[in-house]
Amino acid sequence: MDGAAGPGEGPAHETLQTLSQRLRVQEEEMELVKAALAEALRLLRLHGPSTSLQGSGTPAPTRDSITVPPGLPPTCCPSVVSRGTQTEANLEMEPSSGPPGLSNGPPAPQGCSEEPSGTQSEGGCSSSSGAGSPGPPGVLRPVQPIQCSDIPRRNSSSSSPSERPRQKLSRKAASSANLLLRSGSTESRGSKDPLSSPGGPGSRRSNYNLEGISVKMFLRGRPITMYIPSGIRSLEELPSGPPPETLSLDWVYGYRGRDSRSNLFVLRSGEVVYFIACVVVLYRPGGGPGGPGGGGQRHYRGHTDCVRCLAVHPDGVRVASGQTAGVDKDGKPLQPVVHIWDSETLLKLQEIGLGAFERGVGALAFSTVETWDQGAFLCVVDDSNEHMLSVWDCSRGVKLAEIKSTNDSVLAVGFSPRDSSCIVTSGKSHVHFWNWSGGAGVPGNGTLARKQGVFGKYKKPKFIPCFVFLPDGNILTGDSEGNILTWGRSVSDSKTPGRGGAKETYTIVAQAHAHEGSIFALCLRRDGTVLSGGGRDRRLVQWGPGLVALQEAEIPEHFGAVRAIAEGLGSELLVGTTKNALLRGDLAQGFSPVIQGHTDELWGLCTHPSQNRFLTCGHDRQLCLWDGESHALAWSMDLKETGVCADFHPSGAVVVVGLNTGRCPDGLYLAIGSHDNMIYIYSVSSCGTKSSRFGRCMGHSSFITHLDWSKDGNFIMSNSGDYEILYWDVAGGCKLLRNRYESRDREWATYTCVLGFHVYGVWPDGSDGTDINSLCRSHNERVVAVADDFCKVHLFQYPCARAKAPSRMYSGHGSHVTSVRFTHDDSYLVSLGGKDASIFQWRVLGAGGSGPTPATPSRTPSLSPASSLDV
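All values reported here derive from a predicted model rather than from experimental measurement.

A. Region of the structure containing the overall build of the protein. The number of helices and strands found in the protein is two helices and 55 strands. Sequence separation of 24 or more characterises 56% of the internal contacts of the protein that already satisfy a separation of 6 or more. A total accessible area of about 34,600 Å² is found for the protein, and carbon and sulfur atoms account for 51% of it.

As structure tokens, this is what we get:
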């Protein structure tokens, strides 16, 4: 919504909001007092004389209804809730052993209600959106918390090791709304101090209550009661240990071209090597240039955080990859490192620089000339303030020389192919030529001497992102002005006394204007010609001797600018783009995509009900349909705004996309969890293409984060930002089910709520309540997959109702994992990375190590972006 002030907004409105918040705090304090009294009375009934209370005439505590005085606005986020004429809000009070609104009321004996008869107050329901009633901010299923643009989450590039857990809670709890598109405001209850409990703040603890019919866990000191299904006599009879199913990384969608260089090479085997998140992908193209994709992938997964740069040894087999620093789950910094590994066996050969680099590895390169006694060398530039340049012995993993490079950013580094003692670096407003003396191979005994490139009469560009060595010894640089400069080395007599008789300088020999805007990539071809790739103009130009243009091609705009160029077999070229696409083709025939991906943070994920296809959406405003069998993008479309979640209609022909949504198993209703604490219900017709307002569920005291439908389509289970678990009778008029004990045996069509008896064992000790972003039960109800805030995907047995339940843990994402979903036949699990914009497709293997039997191809109609998409 826009930021314009509406009628009545101003100092008076702010004062009313302040008074409203103070009133709610006082009401909550009253609720806590009543809850404590109710708990004391309950314990007295259980342990005291049977007639001590009943015979004394002391009335049982009743549920009071407190009404906010007219004129005070509700304490919903004003940037999300529609402005209207609502002036009254009813807050229900119930006896409980914890804070108001939580599903932790006193456990009722079997056959008894939680509340005395005659004192219940029905949850609000409206069959139509009348004038003034707040409407939902968007349509979509609450499958996981979102991340607001101004709320930092755990990722390899922005997390601070000094971030405190309590600060982390307030930010992440606010980001769990799953509905906020363009607003950075948070829920007023998100900053409330946690209640004290035996577990202490930040603890997650479970125990039986006295009746033995429920378990209780604590999140941020708040008790959450969950009732045990009647078929379970003891928690000891539930499954223990990790599930027999395992995951194997099948495919990685995406390529990191948006913000990285040195990211695309071709190996001796013909495989294309690139990276995304913590994974280095070895892609084997299928078909011919311009033809269909296919092919296969292998993955090097030795890194513990995001990979930033690559280098391939001249032998075409050995690969060096450098990672960023990042932080671990406790906020402690992780050290950046370089891995040298064999691309044929995927085995790590050497680990270089552990503890020597700061922040991350920004650029690296192999020497092209190996000495007889030392083998290959590796030069590395880190991301510290001084951008330290170091030279390493690859075979021994020892540092031979190191020097402070520059305070300006360094974008590229490389050894001269003719002389390993010559190293070149370029970046912001500089080209540096380094002379390296190896010091007889003694660790730390080498020296590095710098000579600056002299621009002379030529304008110094702001950036020099790339360079390439020519066979004649000259060097070409591409800069942000669109120029290609030719650098030559000259030696002259020195006139400085005591400094020898010769002075070596590097000067510009020639200049050619090649592109409009920056030049991002240069590539020397086998035939001696040079390719340049432009940013703004997206052109690929082939240059002959004397920088004469021979041929050119233009990359389609929707793929972005040219980021990297690699030469394949024959005339084939591979081009990486700034919109995370990998293209294949040649200058004559053009280029077609073989790898595509999102370009910004991902949150929305849903799988097709009968095909191995899935939809993703995120902050790049793109909605993409992926084919899990061919590993290709079926289609994509521009949403015009941020996409947070998506969900298919059961027919598979319609998908709903927006801020937050859920659907009924039979497709008759659509449930929308909103940031105004309500769940809106719509009746659906015409196979999901038409909908009308049916009612709304009112009763949550914070924003809705997750919801699931029952198998019969009549009930909803929902979670909220303050860890409530509530149940709703939709068919009966959108009523809040006061007696949560009676919902213990209800069967759920899906299980994506992160709080509930069947999944409470997935929560780690010390959790602040926001460490789990998404959860999904398999369709066969055997396992549950979890996406956590620490870059991991977990598999647990289902039900997972034991504290500290063991899991199978899988890494690869370089950022918080935002969502997980099983495909329709449980043959695959799809997981989304947040900041790294990666999509992982995992193959689910059975207990015997073999995958599931492929499902019969579905005859349901395919989803197309033109005719059957409802956004």
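B. How the structure looks around the sheet that holds strand S14 (residues 348-352). Ordered in space as S11-S12-S13-S14, the four strands form an open sheet in which the pairing is antiparallel. Since the sheet does not close on itself, it has two edges, and those belong to strand S11 (307-312) and S14, each with one partner. On average, each strand axis in the sheet is tilted by 20 degrees relative to the strand beside it, whichever way the strands run. As judged from the four bridges shared by strand S13 (residues 338-342) and S14, these two strands associate in the antiparallel manner. The residue bridging Val 338 from the neighbouring strand is Ile 352, located in S14.

C. The arrangement of the pattern of salt bridges in detail. Taken as a whole and assessed by the stated rule, the structure comprises 27 salt bridges. When the shortest N-O distance is used, the salt bridge between Lys 459 and Glu 481 registers 3.9 Å. Taken together, the residues Lys 459 in the loop between strand S22 (447-452) and strand S23 (466-469) and Glu 481 in the loop between strand S24 (475-478) and strand S25 (483-493) connect sequence positions 22 residues apart. Residue classification places Glu 481 among the partly exposed positions, given a relative accessible area of 31%. In this structure, Lys 711 and Glu 747 form a salt bridge, with 3.8 Å as the shortest nitrogen-oxygen distance. With a gap of 36 residues between them, Lys 711 in the loop between strand S45 (704-709) and strand S46 (715-720) and Glu 747 in the loop between strand S48 (735-736) and strand S49 (772-777) connect regions that are remote in the sequence. Judged by its relative accessible area of 41%, Lys 711 falls in the partly exposed class. One salt-bridge network, in which partners are shared between bridges, spans Lys 711, Glu 747, Arg 777 and Glu 781.

D. Representation of the packing of aromatic side chains within the structure. One pass over the full model with this rule turns up 19 aromatic pairs. Ring centres 5.8 Å apart and planes at 70 degrees place the aromatic pair Tyr 255 and Tyr 274 in the edge-to-face group. Of this pair, Tyr 255 sits in the loop between strand S6 (246-253) and strand S7 (265-266) while Tyr 274 sits in strand S8 (residues 272-276), placing them 19 residues apart in sequence. Using a relative accessible area of 0% as the deciding quantity, one classes Tyr 255 as buried. Taken together, Phe 433, Phe 455, Trp 487 and Tyr 506 form an aromatic cluster joined through their ring pairs. Over the face of the ring belonging to Phe 520 we find Arg 563, whose NZ or CZ atom lies 4.7 Å from the ring centre. Between the NZ or CZ atom of Arg 746 and the centre of the ring of Phe 715, over which it lies, the distance is 3.7 Å.

E. Up close: the side chain of Gln 542. Position of Gln 542 among the secondary structure elements: in strand S29 (residues 539-544). When sequence neighbours within four positions are dropped, the list of residues in contact with Gln 542 reads Arg 525, Asp 527, Thr 529, Val 530, Leu 531, Val 548, Ala 549, Leu 550, Gln 551 and Leu 587.

F. Just the environment of Gln 542, in detail. Gln 542 gets classed as buried once you look at its relative accessible area, which sits at 9%. For Gln 542 and Cys 523, which are 19 residues apart along the polypeptide, the C-alpha to C-alpha distance reads 9.4 Å.

G. Representation of unusual backbone geometry. The omega angle of the peptide bond from Tyr 798 to Pro 799 is 0 degrees, so this bond is cis rather than trans. If you trace the backbone, Pro 799 turns up in the loop between strand S51 (793-797) and strand S52 (808-810). A positive phi angle, near 55 degrees, is found at Ala 277, a position not held by glycine. Relative to the assigned elements, Ala 277 resides in the loop between S8 and strand S9 (279-284). Given the relative accessible area of 1%, Ala 277 is considered buried.

H. Focus on the sheet that holds strand S32 (residues 573-577). What the four strands build is an open sheet, ordered S31-S32-S33-S34; its pairing is antiparallel. The open sheet terminates on both sides in strands that have one partner only, identified here as strand S31 (562-567) and strand S34 (590-595). Ignoring which end each strand starts from, the neighbouring axes of this sheet average 30 degrees apart. Judged from the five bridges that link them, strand S33 (residues 582-586) and S34 form a sheet pairing that is antiparallel. Looking at S34, one finds that Leu 583 is bridged to Pro 593.

I. Focus on the pairing of S31. Counting buried positions over the six residues of S31 gives six, a clear majority of the element. As paired strands, S31 and S32 are joined by five bridges and run antiparallel to one another. Each residue of the ladder has a partner; that of Ala 566, found in S32, is Leu 574. Between S31 and the antiparallel strand that follows it, S32, lie five residues; Gly 570 among them carries a positive phi value of about 60 degrees.

J. Focus on the confidence of the model for the protein. Confidence in the prediction of the protein, expressed as mean pLDDT, is 77, and 71% of residues score 70 or more. Below a pLDDT of 50 lies the segment residues 1-8, which in the model reaches eight contacts outside its immediate sequence neighbourhood of four places, other chains included. Counted against residues more than four places away or in other chains, residues 497-501, with its pLDDT under 50, gives five contacts.

K. Summary view of the nonpolar core. In this structure, Leu 264, Tyr 274 and Leu 829 are the most contacted members of the largest nonpolar core, which totals 43 residues. At five residues, the largest contribution of residues to this core is made by S6. Core analysis: the next-biggest nonpolar cluster, separate from the first, contains 34 residues, Tyr 727, Tyr 760, Cys 800 and Ala 801 among them.

L. Seen up close, the pairing of S6. Where burial is concerned, most of S6 is hidden: six out of the eight residues are buried. Here S6 pairs with strand S55 (residues 839-845) via seven bridges, running antiparallel. The residue of S55 that forms the bridge with Trp 251 is Gln 841.

M. Broad picture of the side chain of His 339. Assignment of secondary structure puts His 339 in strand S13. His 339 sits in the buried class, given a relative accessible area of 2%. Polar side-chain contacts of His 339 include one of 3.3 Å to the side chain of Glu 351. Contacts of His 339, omitting those with residues within four sequence positions, involve Tyr 300, Gly 302, His 303, Val 319, Ala 320, Ser 321, Lys 348, Gln 350 and Glu 351.

N. Structural context of the environment of Arg 318. Tracing the chain through its elements places Arg 318 in strand S12 (residues 318-323). A residue is classified by how much of its surface remains accessible, and Arg 318, at 25% relative accessible area, is partly exposed. Residues Arg 318 and Trp 341, 23 residues apart in the sequence, show an inter-C-alpha distance of 5.8 Å. Of note is the side chain of Arg 318, whose polar atom sits 2.9 Å from the side chain of Asp 315.

O. Focus on the environment of Leu 569. Along the chain, Leu 569 falls in the loop between S31 and S32. Spatially, the C-alpha atom of Leu 569 lies 7.3 Å from that of Gly 270, the residues being 299 residues apart in sequence.

Analysis parameters
Residues numbered from 1 in each chain as written. Predicted model: local features only at pLDDT ≥ 70, side-chain atom pairs only at ≥ 80, totals over all residues. Heavy atoms only, no water. Helix = DSSP H or I, 4+ residues; strand = E, 2+ residues; numbered from the N terminus. Contact = heavy atoms within 4.5 Å. Areas by Shrake-Rupley, 256 points an atom, 1.4 Å probe, with all protein chains shown as cover. Pairing = 2+ DSSP bridges. Axes fitted to C-alpha atoms, helices over the stretch in contact; angles between N-to-C directions. Salt bridge = Lys/Arg side-chain N within 4 Å of Asp/Glu carboxyl O. Buried < 20%, exposed > 50% of the residue type's maximum accessible area, 1.4 Å probe, protein only. Phe/Tyr/Trp six-rings, centres within 6.5 Å; stacked < 30°, edge-to-face > 60°. Lys NZ or Arg CZ within 6 Å of the ring centre and 35° of its normal. pLDDT = per-residue confidence, 0-100. Core = buried A, V, L, I, M, F, W, Y, C linked by side-chain atoms within 4.5 Å. Polar contact = N/O pair within 3.5 Å; in protein donor to acceptor, adjacent residues only side chain to side chain.

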